[in-house]
Amino acid sequence: GVVYNDYFTIENVGDKPYTLREISVSCGCTTPSYLPGKEILPGEAYNVNFTFKVDKDKASKETGTYTKYIHVKPADPVAKALPIHINCKIIPDEG
């Protein structure tokens, strides 16, 4: 299949620690790698790696642009989840 690895950065620009509770995804093809309970102090940043997989048969049939959604959920129940949008384009294999 086709595997794409990348990351996004969460930067705490506030004045209080930000504790990462959970990261949820919109489909099983996207897998984040993170440390639940990670505390990000003010001024610090934390990289979240993710993998996007498409099986070879699907990639050859379902070409085009897709948007995948990742929601970063804080431990603070009052704070809102941070939405991350990943845009990807599957191009047919010419070979």
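Draft legend 1. Structural detail: the packing of aromatic side chains. Considering all chains together, one arrives at 1 aromatic pair under this definition. Between Phe8 and Phe50, the ring centres sit 6.3 Å apart and the planes meet at 35°, which makes this aromatic pair tilted. Note that Phe8 is positioned in strand S1 (residues 2-11) and Phe50 in strand S5 (residues 45-54), a separation of 42 residues in sequence. With relative accessibility at 10%, the residue Phe8 sits in the buried group.

Draft legend 2. Examining the pattern of salt bridges more closely. Throughout the structure, instances matching the rule amount to 1 salt bridge. Here Glu22 ties to Arg21 by a salt bridge, and the two come within 3.4 Å at their closest N and O atoms. On the accessibility criterion, Glu22 (29% relative accessible area) is partly exposed. What makes Arg21 partly exposed here is its relative accessible area of 46%.

Draft legend 3. Local environment of the environment of Pro83. Among the structural elements, Pro83 can be located in strand S7 (residues 82-90). C-alpha of Pro83 to C-alpha of His71: the two residues are 12 residues apart in sequence and 4.7 Å apart in space. Dropping the residues within four chain positions of it, Pro83 is found in contact with Ile70 and His71.

Draft legend 4. Region of the structure containing the confidence of the model for the protein chain. On average, residues of the protein chain carry a pLDDT of 88, and 88% of them reach 70 or more. When pLDDT is averaged over each element of the protein chain, strand S4 (residues 39-40) comes out on top at 97 and helix H1 (residues 56-61) at the bottom at 65.

Draft legend 5. Structural view of the nonpolar core. The biggest cluster of nonpolar side chains holds 12 residues, and these are Phe8, Ile10, Tyr18, Leu20, Ile23, Ile40, Tyr46, Val48, Phe50, Ile70, Val72 and Ile86. Elements supplying a minimum of two residues to this core: S1, strand S2 (18-25), S5 and strand S6 (64-74). The contact partners of Ile40, leaving out residues within four places of it in the chain, are Ile10, Asn12, Pro17, Tyr18, Ala45 and Tyr46. Counting residues in hydrophobic clusters, the runner-up holds 5 residues, among them Cys29, Phe52, Cys88 and Ile90.

Draft legend 6. Inspection of the state of the cysteines at higher detail. For the coordinates displayed, the defined rule picks out 1 disulfide. The disulfide bridge from Cys27 ends at Cys29, spanning 2.5 Å between sulfur atoms. Disulfide Cys27 to Cys29: torsion about the S-S bond roughly -40°, handedness left-handed. Using a relative accessible area of 18% as the deciding quantity, one classes Cys29 as buried. Of all cysteine sulfurs, the one in Cys29 lies closest to Cys88, which takes part in no disulfide; the gap is 7.4 Å. Relative accessible area serves as the criterion here: at 15%, Cys88 is assigned to the buried category.

About the cut-offs
- Residues numbered from 1 in each chain as written.
- Predicted model: local features only at pLDDT ≥ 70, side-chain atom pairs only at ≥ 80, totals over all residues.
- Heavy atoms only, no water.
- Phe/Tyr/Trp six-rings, centres within 6.5 Å; stacked < 30°, edge-to-face > 60°.
- Helix = DSSP H or I, 4+ residues; strand = E, 2+ residues; numbered from the N terminus.
- Buried < 20%, exposed > 50% of the residue type's maximum accessible area, 1.4 Å probe, protein only.
- Salt bridge = Lys/Arg side-chain N within 4 Å of Asp/Glu carboxyl O.
- Contact = heavy atoms within 4.5 Å.
- pLDDT = per-residue confidence, 0-100.
- Core = buried A, V, L, I, M, F, W, Y, C linked by side-chain atoms within 4.5 Å.
- Disulfide = S-S within 2.5 Å.

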